[in-house]
Amino acid sequence: MLNKKSVDDINVKGKRVLVRCDFNVPLIDGKITDENRLVAALPTIKKLIADGGKVILCSHLGKPKGEPKPELSLAPVAKRLSELLDQEVKFAADPEVVGANAKAAVEEMEDGDVILLENTRYRAEETKNGEEFSKELASLCDVFVNDAFGTAHRAHCSNVGVTKYVDTAVVGYLMQKEIDFLGNAVNNPERPFVAILGGAKVSSKISVIENLLDKVDTLIIGGGMAYTFSKATGGKIGISLCEDDYLEYAANMLEKAKEKGVKLLLPVDHVIGDAFSNDANIQVVASGEIPDGWEGLDIGPKTAELFADAVKDAKTVVWNGPMGCFEMPNFAHGTEAVAKALADTDAVTIIGGGDSAAAVNQLGYGDKMTHISTGGGASLEFLEGKELPGVAAANDK
Ligand code: AMP
């Protein structure tokens, strides 16, 4: 059980609080085109303001590769945050991030003030977890709060290094929610516990499959991954995505599931196309019967029903990876059927970040899920059962 101290467990009145946020937002010509990450950060920031902290925000943005790049400055974020918070968020422009200007800005702060530091990746040491920059960040604050889940699987100065040089390091509300669901709910699930895995490749989800096989009652495999399993059991898969190096692995996993008493469900039919295109000719065929020259691009209607049925009585469901090439509308039906099944079940529904989160939101089911992770790589590593450095670095309760 991960039991980390959070912003609810500390008193920040009059203290300088450095908050690592995830303000890595898309920018076009200096305009923020998706502000979800800013909005998501507000509850923690508001809490710290209300408690009378001196709130110093920091984040990375894009990949400036260790040097100042004006197009990757966080200045537009400070401006937008000021509007969202209805109070000034002073931008501490500083090519060194923690240079003379940033230090002076912190010196001048009153309780309840908010400032934003420059892009932490302007400093080359940031992604190397270097000691100097970690110490500089720590010198600005009395308390550190990590609310950036998207980088929790990386050990950088601004989320891990800094914690070595502060007495108090806690998590914010966003991180707490990710820990509660992707960490604790997955490790101590209410049963029946069903995991649904999809996406392109078996090879990128091996550790996830292995970790979840020890925990779930039912494992559902769809998407491009399913064809390697189908071929491994002698099925004809045409020119569907397949990783021949993993055929033996897939066969072993099927055996392992049996040994562990885990129900492993694979597609029973597929929507296939004669080209990788939304305009391809389409057929629905039974699993293992894909003709030469055709490829599986989505699960079929019988499979969608089978998978939906499997989550009906579940108490916990975790989903990572689309069921087909959902970016093409003709091959999005399987993914949509699974999203709908999750929206309809009473189970705790947890959506891994990345493509599945995008699919659920794009299909309009976002508000029906218990938790949609904000981190792609980080959520996958949580599902692999790994310890995330950004989570481990926070103080235990
Ligand atoms: P991943 O990043 O591994 O979760 O893979 C997501 C990608 O898998 C999406 O871009 C989907 O279009 C792709 N995908 C899902 N099903 C298939 C399939 N049957 N054939 C090819 N690509 C697929």
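Draft legend 1. Representation of the overall build of the protein in the model. What the protein contains, in helices and strands, is 13 helices and 19 strands. Compactness check: the protein gives a C-alpha radius of gyration of 23 Å against a globular reference of 21 Å for 397 residues, within 12% of the reference. Expressed as lengths along the three principal axes of its C-alpha atoms, the size of the protein is roughly 70 × 45 × 35 Å. Taking all 397 residues of the protein together, the buried fraction comes to 54%. Within the protein, contacts between residues at least 6 apart in sequence are counted, and of these 74% link residues at least 24 apart. For the protein, the centre of its 42 positive side-chain charges and the centre of its 60 negative side-chain charges are spaced 3 Å apart.

Draft legend 2. Representation of the site of the ligand. Taken together, 14 residues sit near the ligand, with A200, G224, G296, E327 and D355 positioned nearest. Contacts to the ligand include G296, whose backbone N or O atom sits 3.0 Å from a nitrogen atom. Within the side chain of E327, one N or O atom sits 2.5 Å away from an oxygen atom of the ligand. Protein contacts shield 80% of the accessible area of the ligand, which totals 500 Å² for the unbound molecule. Among the residues making up the shell around the ligand, the classes are represented as 6 nonpolar, 5 polar and 3 charged.

Draft legend 3. Layout of the sheet that holds strand β14 (residues 282–286). Spatial ordering of the open sheet is given by β14-β13-β16, a layout of 3 strands whose pairing is antiparallel. Bordering the open sheet on either side are β14 and β16 (295–299), each of which pairs with just one other strand. For this sheet the average axis-to-axis angle between neighbouring strands, irrespective of direction, equals 40°. One ladder, built from 4 bridges, connects strand β13 (residues 269–273) with β16; its direction is antiparallel. What sits directly across from V271, in β16, is D298. Contacting β13, β14 and β16, helix α9 (residues 301–312) crosses the sheet at an angle of about 40° to β16.

Draft legend 4. Representation of the domain arrangement of the protein. Domain annotation for the protein reports domain 1 (7–173) and domain 2 (181–383). Relative placement of domain 1 and domain 2: their C-alpha centres are 36 Å apart. Across the contact, 5 residues belong to domain 1 and 9 residues belong to domain 2. Regarding the contact of domain 1 and domain 2, the summed buried area is about 490 Å², with carbon and sulfur atoms giving 67% of it. Of all residues in domain 1, F149, G150 and H153 bury the most surface against domain 2, accounting for 86% of the area lost on that side. The tally of links between domain 1 and domain 2 comes to 0 salt bridges. Counting every contact that joins domain 1 to domain 2 gives 0 residue pairs in polar contact (both at pLDDT 80 or more).

Draft legend 5. A look at the pattern of salt bridges. Inspection of every chain in the model, using the stated rule, returns 23 salt bridges. Measuring nitrogen to oxygen at the nearest pair gives 2.9 Å for the salt bridge that ties K47 to D51. Under the relative-accessibility criterion, D51 is labelled partly exposed at 25%. In this structure, E384 engages K386 in a salt bridge whose closest nitrogen and oxygen atoms are separated by 3.1 Å. The class of E384 is buried, set by a relative accessible area of 16%. Taking the relative accessible area as the measure of exposure, K386 reaches 42% and is therefore partly exposed. Counted as one network, the salt bridges with shared partners bring together D8, K47 and D51.

Reading the values: rules and limits
Residues numbered from 1 in each chain as written. Predicted model: local features only at pLDDT ≥ 70, side-chain atom pairs only at ≥ 80, totals over all residues. Heavy atoms only, no water. Helix = DSSP H or I, 4+ residues; strand = E, 2+ residues; numbered from the N terminus. Rg over C-alpha atoms; globule rule 2.2 N^0.38 Å. Buried < 20%, exposed > 50% of the residue type's maximum accessible area, 1.4 Å probe, protein only. Contact = heavy atoms within 4.5 Å. Lys, Arg positive; Asp, Glu negative; His and termini not counted. Charge placed at Lys NZ, Arg CZ, Asp CG, Glu CD. Near = heavy atom within 4 Å. Polar contact = N/O pair within 3.5 Å; in protein donor to acceptor, adjacent residues only side chain to side chain. Areas by Shrake-Rupley, 256 points an atom, 1.4 Å probe, with all protein chains shown as cover. Nonpolar A, V, L, I, M, F, W, Y, C, P; charged D, E, K, R; others polar. Pairing = 2+ DSSP bridges. Axes fitted to C-alpha atoms, helices over the stretch in contact; angles between N-to-C directions. Domains from an automatic or database assignment. Buried area = accessible area lost by both parts, 1.4 Å probe. Salt bridge = Lys/Arg side-chain N within 4 Å of Asp/Glu carboxyl O.

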